Amino acid sequence: MKTDKRSAWSAFILFILCVAFRLIGIGWGLPNDIHNQSFHPDETFIVHNYTENLEPGLFKFTPGNYNYPTLYPLMLRIAGDVVSTYSGTDEPSLPASVQTPKQFESYLRQVGKHERLVNLAGRVISSLAGAGTAVVVFLYLLRFCGFLGASFGGLLMGIAPAFLVHSRFQTVDVTSTFFFTLALYYAAKILPSRNDEADSQDSLSPHSKGSVPSAQLSAQKFALLSALFAGLSAGTKYTGALAVLAVWTALAVRKPPKASLLGVYALLVTAAVFLITTPGAFLENARFMKGLSLETAHMEQGHGFAFVGTPSGFIYQIGNLITGIGPLAAVIGISGLIYAAYRRHAWAWLLLVAIIPYYIIIGRSEVKFIRYDLPLFPIVCCGFGYAIAAAARRPRLKATGICLGVAALLGLESLAFASIEKQTYAHCLDLRFGGLYGAIKYTGYMTEDHPQNEAARYIKSLAASGECKTVGIFRHPWFWTVPVIPDANFLYTENDHMISELASVATNPQVQFAAMQPPADHVAWTSFEVDPIVTAEKNTSEIPDEQKSDYPGLDALMHRIKSAYTVEKTFGGDIPDVEDLMYIHPRVEVLKLK
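Residues numbered from 1 in each chain as written. Predicted model: local features only at pLDDT ≥ 70, side-chain atom pairs only at ≥ 80, totals over all residues. Heavy atoms only, no water.

> Explain the pattern of salt bridges to me, please; I cannot follow it from the model alone.
Oppositely charged side chains can pair when the atoms bearing their charge come close. Under the definition given, this model contains 16 salt bridges. Here Arg-457 makes a salt bridge to Asp-449, at a shortest N to O gap of 3.4 Å. Classification of Asp-449 as partly exposed rests on a relative accessible area of 34%. One salt bridge connects Arg-587 with Asp-531, and the closest N-O pair in it is separated by 2.8 Å. Of the two residues, Arg-587 sits in the loop between helix 24 (579-582) and strand 5 (588-593) while Asp-531 sits in helix 21 (residues 527-538), which places them 56 residues apart along the sequence. What makes Arg-587 partly exposed here is its relative accessible area of 25%. According to the relative accessible area criterion, Asp-531 is partly exposed, its value standing at 26%. Linked by salt bridges that have partners in common, Asp-42, Asp-173, Lys-237 and Arg-371 make up one network. (Salt bridge = Lys/Arg side-chain N within 4 Å of Asp/Glu carboxyl O. Buried < 20%, exposed > 50% of the residue type's maximum accessible area, 1.4 Å probe, protein only. Helix = DSSP H or I, 4+ residues; strand = E, 2+ residues; numbered from the N terminus.)

Next comes the structure, spelled out in structure tokens:
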């Protein structure tokens with residue numbers, strides 16, 4: 001009982017600490033006085049293309065868009081409605097009297113205030129899910145590795161830098177990973193715990209001491225609970241359905257009565273939960289299939305210029321994993337998982353069976369965001385906790401193992417690399433942001449003023465002093481645009497006429513495309529806009545077909561700007577060259593006409 005109380009309190013404290021850490025910097029990039037949409041490209045997209053199309057009070061659960069399933073947008077809609085109602089900031093309707101660009105921009109500013117609240121609500125959901133994932137890893141390891149291993153694994157999951165950053169975003173990924181990890185946990189509860197099996201036993205044997213009647217009677221409950229969370233994970237992100245493989249693995253190992261039938265029931269429950277949470281799969285089947293096909297095609301074709309010149313996804317995502325957790329922690333975690341599988345621990349095989357097919361999917365993809373790696377994080381953290389626990393059971397390795405574990409948690413190896421010049425290998429591997437050190441660095445960036453905001457304020461100060469009358473933007477307005485246009489993110493899908501109209505609202509200084517004549521006094525661009533074009537120069541054969549027509553003009557314009565302008569001021573930039581980590585601290589350059 002004493003141990004159970006200690007474990008329960010430890011899990012509770014871990015959850016509170018992880019939530020508190022995630023709430024620091026949760027306001028990063030939200031609409032403010034100079035930009036009306038979030039700097040995260042997906043947040044505005046989810047709010048306006050999914051959440052706003054749902055009406056739970058009117059039993060309308062079909063958003064019409066299916067690049068993502070519907071559970072997360074529904075959660076976001078409910079949470080957004082609650083905060084909007086209590087704050088008195090409902091989404092404004094477009095006034096019938098809007099006739100000028102300035103009036104429309106004023107309307108979008110009001111929409112931005114509402115969007116800010118909805119995004120905050122979604123970020124809280126992500127923060128709770130991220131903290132919950134750390135607790136699930138702790139409980140998973142507690143069952144098989146004891147308190148020491150559970151503490152190390154749970155803490156690493158709580159501070160894993162890239163997972164921490166994404167826990168502050170209003171996106172589907174962290175919530176889906178939470179449900180995915182819960183599905184694995186309940187599947188693992190079908191297996192005997194460490195109290196039922198000795199370390200030297202063949203734990204893949206169904207006849208181990210763990211095969212007791214009470215466990216057999218519980219198998220059905222745990223199998224169905226695991227299937228429930230696999231369905232919820234799939235209802236948040238389609239690949240979450242792979243968690244059902246863990247149930248089948250656990251049933252195959254433990255062989256409870258009617259194991260095959262339980263496996264069928266688990267599949268049916270997963271499918272049923274998915275259809276309940278994404279009813280458009282049958283109510284709007286044509287649109288659903290279109291969304292699936294678009295997402296599949298997107299992964300096959302690539303993401304514009306973002307991943308041109310990068311290695312295979314199988315290599316790139318390992319680099320992302322090491323960057324996202326930390327080099328020492330990742331090496332220990334992967335090694336621990338391999339060793340546990342070698343020792344034939346069923347819990348480790350269960351994790352591998354569920355995650356290897358997922359790794360193959362993302363490895364084959366031409367889209368290589370680090371967020372695709374997030375389901376791998378809890379798996380590696382489980383390997384990390386096991387490695388420390390295994391070392392601690394051996395007197396000659398105990399001190400070394402614990403010291404290495406503490407060093408990995410703190411990110412001491414990344415602190416040692418911090419003094420060297422920035423170097424990202426293969427566009428994905430950066431050794432300088434591991435463990436708690438990396439988590440604190442990223443958190444600092446997310447609490448500071450964003451580099452794009454700093455650049456915009458600098459340009460406005462130049463305009464106020466008369467040094468800058470016109471500023472040029474390099475590419476089509478989007479999240480990457482320095483907010484000299486307040487509605488850049490809104491304009492990504494709009495035509496040139498709408499861009500010109502909303503750009504005309506900005507008069508201090510005036511905004512134009514950098515290609516226009518006469519040349520602007522200054523140009524502002526970000527690493528998102530420029531660096532992929534530089535990389536594409538050396539890898540033109542890898543440019544996706546739909547971008548090949550854009551490349552020559554952008555490349556020529558980039559070189560014209562570099563020859564006609566000089567860099568006057570640089571903001572931000574000390575961040576791994578990983579697309580969805582750069583969101584929080586991109587390099588922004590303000591260039592002045594020579």
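> It is not clear to me how unusual backbone geometry should be interpreted in this structure. Could you clarify?
Keep in mind that most residues, glycine aside, have a negative phi and that most peptide bonds are trans. With omega at 5°, the peptide bond leading from Asn-508 into Pro-509 counts as cis. With an omega of -5°, the peptide bond between Gln-517 and Pro-518 qualifies as cis. Following the sequence through the fold, Pro-518 ends up in the loop between strand 2 (510-513) and strand 3 (522-526). Of note in the backbone geometry, Lys-255 takes a positive phi value of approximately 50° without being a glycine. Among the structural elements, Lys-255 can be located in the loop between helix 8 (244-254) and helix 9 (259-277). Its relative accessible area of 52% is what places Lys-255 among the exposed residues. Phi is positive for Arg-344, close to 65°, though the residue is something other than glycine. Here Arg-344 shows up in the loop between helix 13 (327-342) and helix 14 (346-364).

> Would you take a moment to explain the packing of helix 14 against helix 15 (residues 376-392) for this structure?
Interaxial distance between helix 14 and helix 15 falls to 10 Å at its minimum, and their mutual angle equals 145°. When the axes of helix 14 and helix 15 are compared, the crossing they make is left-handed. Touching Trp-347, Leu-351, Ile-355, Tyr-358, Tyr-359 and Ile-362 of helix 14 are Leu-376, Ile-379, Cys-382 and Tyr-386, all from helix 15. For the contact of helix 14 with helix 15, the residue count by class is 10 nonpolar, no polar and no charged. (Axes fitted to C-alpha atoms, helices over the stretch in contact; angles between N-to-C directions. Left-handed = near helix turned anticlockwise from the far one by under 90°. Contact = heavy atoms within 4.5 Å. Nonpolar A, V, L, I, M, F, W, Y, C, P; charged D, E, K, R; others polar.)

> Any chance you could explain helix 21 here in plain terms?
Because an α-helix completes one turn every 3.6 residues, residues spaced three or four positions apart along the sequence face the same direction. Taking 1.5 Å of rise per residue, the 12 residues of helix 21 would be expected to cover 16 Å, and the 17 Å separating its terminal C-alpha atoms lies within 8% of that figure. Turning to helix 21, its buried residues number three or more, namely Ser-527, Phe-528, Glu-529, Val-530, Pro-532, Ile-533, Thr-535 and Ala-536. The inward-facing, buried residues of helix 21 abut strand 3, helix 23 (551-564) and helix 24. (Expected span 1.5 Å × (residues − 1).)

> Help me understand the sheet that holds strand 3 in this model?
Two pairing modes exist for strands in a sheet, parallel and antiparallel, and in both the strands are linked by backbone hydrogen bonds. If you walk across this open sheet you meet the 5 strands as 2-1-3-5-4, and the pairing is mixed. Strands at the two margins of the open sheet, each flanked by one partner only, are strand 2 and strand 4 (565-571). When the angles between neighbouring strand axes are averaged without regard to direction, this sheet yields 30°. In this structure, strand 3 lies alongside strand 5, joined through 5 bridges in antiparallel fashion. Each residue of the ladder has a partner; that of Trp-525, found in strand 5, is Glu-589. (Pairing = 2+ DSSP bridges.)

> Just to check I follow, could you spell out the environment of Ser-260 for this structure?
Tracing the backbone through its elements, the reader meets Ser-260 in helix 9. Spatially, the C-alpha atom of Ser-260 lies 8.5 Å from that of Trp-248, the residues being 12 residues apart in sequence.

> Even after reading the chapter, I still don't get the side chain of Thr-470, so can you show me in this structure?
Of note, Thr-470 is situated in strand 1 (residues 470-473). Reaching out from Thr-470, the side chain makes a polar contact with the backbone nitrogen of Asp-521 at a distance of 3.0 Å. (Polar contact = N/O pair within 3.5 Å; in protein donor to acceptor, adjacent residues only side chain to side chain.)

> In this structure, what is going on with the pairing of strand 3? I would like to understand it.
Side-chain positions along a regular strand alternate between the two faces of the sheet. The buried count for strand 3 comes to 5 of 5 residues, which makes it a mostly enclosed element. Alternating positions in strand 3 separate into two faces, His-522, Ala-524 and Thr-526 on one and Val-523 and Trp-525 on the other, with burial throughout. Relative to strand 3, strand 1 is paired through 3 bridges, and the arrangement is parallel. Bridged to Ile-473 within strand 3 is Ala-524.

> How do you make sense of helix 6 (residues 173-188) when you look at a structure like this?
The end-to-end C-alpha separation of helix 6 is 22 Å, in line with the 22 Å expected for 16 residues at 1.5 Å each. With 16 of 16 residues buried, helix 6 is to be regarded as a mostly interior element.

> Honestly, the nonpolar core in this entry has me stumped. Any pointers?
Inside soluble globular proteins, nonpolar side chains tend to come together where they are buried. In terms of nonpolar packing, the biggest core is built from 117 residues, with Tyr-140, Trp-347 and Leu-350 touching the most fellow members. Sequence-distant contacts of Trp-347, that is, excluding residues within four places in its chain, are made with Tyr-140, Phe-144, Cys-145, Leu-191, Ala-340, Cys-382 and Tyr-386. Counting residues in each nonpolar core, the second largest holds 26 residues, with Leu-108, Cys-468, Ile-473 and Ile-485 among its members. (Core = buried A, V, L, I, M, F, W, Y, C linked by side-chain atoms within 4.5 Å.)

> Can you walk me through the environment of Leu-491 in this structure?
Within the element layout of this structure, Leu-491 appears in the loop between strand 1 and helix 20 (496-503). Spatially, the C-alpha atom of Leu-491 lies 14 Å from that of Gln-512, the residues being 21 residues apart in sequence. The contacts of Leu-491, once residues within four sequence positions are left out, are His-476, Pro-477, Ile-485, Met-498, Ile-499 and Leu-502.

> How do you make sense of the packing of helix 2 (residues 41-49) against helix 4 (residues 101-159) when you look at a structure like this?
In a packed pair of helices, the relevant descriptors are the angle between the two axes and the axis-to-axis distance. Running from N to C, helix 2 and helix 4 cross one another at 100°; their axes reach a closest spacing of 10 Å. In terms of their interaxial angle, helix 2 and helix 4 are classed as roughly perpendicular. Mapping the contact onto sequence places Glu-43, Thr-44, Val-47 and His-48 in helix 2 and Val-111, Glu-115, Val-118, Asn-119 and Arg-123 in helix 4. Its residues placed into classes, the contact of helix 2 with helix 4 shows 3 nonpolar, 3 polar and 3 charged. (Parallel < 35°, antiparallel > 145°, perpendicular 65-115°, else oblique.)

> Got a minute to help me understand a nonpolar patch on the surface in this structure?
A contiguous nonpolar patch, built from Trp-9, Phe-12, Ile-13, Ile-16 and Leu-17 and spanning about 540 Å² of accessible area, is present on the exposed surface. As for its position among the elements, Ile-16 is in helix 1 (residues 2-23). Take Ile-16: its relative accessible area is 40%, and that puts it in the partly exposed class. (Patch = residues over 30% accessible without salt bridge, like charges linked within 9 Å, V, L, I, M, F, W, Y side chains within 5 Å. Areas by Shrake-Rupley, 256 points an atom, 1.4 Å probe, with all protein chains shown as cover.)

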